[in-house]
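Here are the chains, one letter per residue:
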Amino acid sequence: MDIDFDQALDAVGPRLRALRKQRETTLADLSARTGISVSTLSRLESGARKPTLELLFPLARAHGVTLDELVDAPTTGDPRIHLRPVTHHGMTMVPLTRRAGGIQAYKIVIEAGSSRRKPEPRTHEGYEWVYVLNGRLRIVLGEHDLTLLPGEAAEFDTRQPHWFGAADADAVEFLSLFGKQGERAHLRARPRSRERAG
């Protein structure tokens, strides 16, 4: 199992380079869209740097592919689509959508006692909407440091420096919807009921 995982990670670099070339994107353009330095992107593509979830997530977003497609998860022969979770440093991401482009949906679980406690804000192109299912989610957004409780949501332009993690030592689960720049989640509300005429 570990050998398969290592082989999948080793193949990410060439796949990243191929995706970037197909989209006729430069390393500088990709850096501006993801917030990842040009040197780190170059080392990822050459295989000199091992990919991590923190690097793969914005790259999958930028290329409009799922994490499974980015790491070329092996097929099982089963015709059904299996969206496989990816776990790294105490955070598990479960892709909920599989189509390229448009809004991508993920369920994210940060385990209890996760080491993901020190904010490291990043920026990249896009727009994100998060909704907390369980636990307390800490979001550092620019100069704001917020704690969201179950049932609360936030939306923001990801060009603004941002970071999220557990607000305490307990686990937190939330949904993340991510769209390209200018694409927001549209909420539809039921119209107010008309007052009865006297």
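Relevant structure appears above.
In every chain, residue numbers begin from 1 and rise along the written sequence. Owing to the predicted nature of the model, reporting of local features is limited to residues with pLDDT of at least 70; listing and counting of side-chain atom pairs is limited to 80 or more, with chain, interface and lining totals taken over all residues. Hydrogens and water are ignored here; the side-chain numbers use all heavy atoms of the structure.

Q: In this structure, what is going on with the packing of helix 2 (residues 12-22) against helix 5 (residues 53-63)? I would like to understand it.
A: For any two helices packed against each other, one specifies the crossing angle of their axes together with the interaxial distance. All axes are obtained by fitting lines to C-alpha atoms, using only the stretch in contact for helices, and the reported angles, taken between N-to-C directions, cover 0 to 180 degrees. In DSSP terms, a helix is any run of H or I states spanning at least four residues, a strand is any run of E spanning at least two, and both are numbered starting from the N terminus. Viewed as axis vectors pointing N to C, helix 2 and helix 5 meet at an angle of 30°, and their least axial separation amounts to 11 Å. When the axes of helix 2 and helix 5 are compared, the pair comes out roughly parallel. Between helix 2 and helix 5 lies a crossing whose hand is left-handed. For the pair formed by helix 2 and helix 5, the contact residues are Val12, Leu16, Leu19 and Arg20 on the first element and Leu56, Leu59 and His63 on the second. When grouped by side-chain class, the residues that make up the contact of helix 2 with helix 5 number five nonpolar, one polar and one charged. Geometric relationships in this document are graded by angle, where less than 35 degrees denotes roughly parallel, more than 145 denotes roughly antiparallel, 65 to 115 denotes roughly perpendicular, and other angles denote oblique. Each crossing gets its handedness from the near helix: less than a right angle anticlockwise from the far helix is left-handed, clockwise is right-handed. Note on contacts: a residue pair qualifies if any of its non-hydrogen atoms lie within 4.5 Å across the two residues. Basically, the charged four are Asp, Glu, Lys and Arg, the nonpolar ten are Ala, Val, Leu, Ile, Met, Phe, Trp, Tyr, Cys and Pro, and anything else, Gly included, counts as polar.

Q: What is the right way to read the sheet that holds strand 6 (residues 144-148) from this model?
A: Whether parallel or antiparallel, the strands of a sheet pair through hydrogen bonds between backbone atoms. Reading across the sheet, the three strands line up as 6-5-8 and stay open at both edges, with antiparallel pairing between neighbours. Only two strands of the sheet have a single neighbouring strand rather than two, namely strand 6 and strand 8 (162-166). On average, each strand axis in the sheet is inclined to that of its neighbour by 20°, with strand direction left out of account. Two strands make a pair as long as DSSP finds a minimum of two bridges between them.

Q: How should I be thinking about the side chain of threonine 40 in this particular structure?
A: Within the secondary structure, threonine 40 is located in helix 4 (residues 38-46). Discounting chain neighbours no more than four positions away, the residues touching threonine 40 are Arg49 and Leu55.

By themselves, these are just geometric observations and shouldn't be taken as functional.
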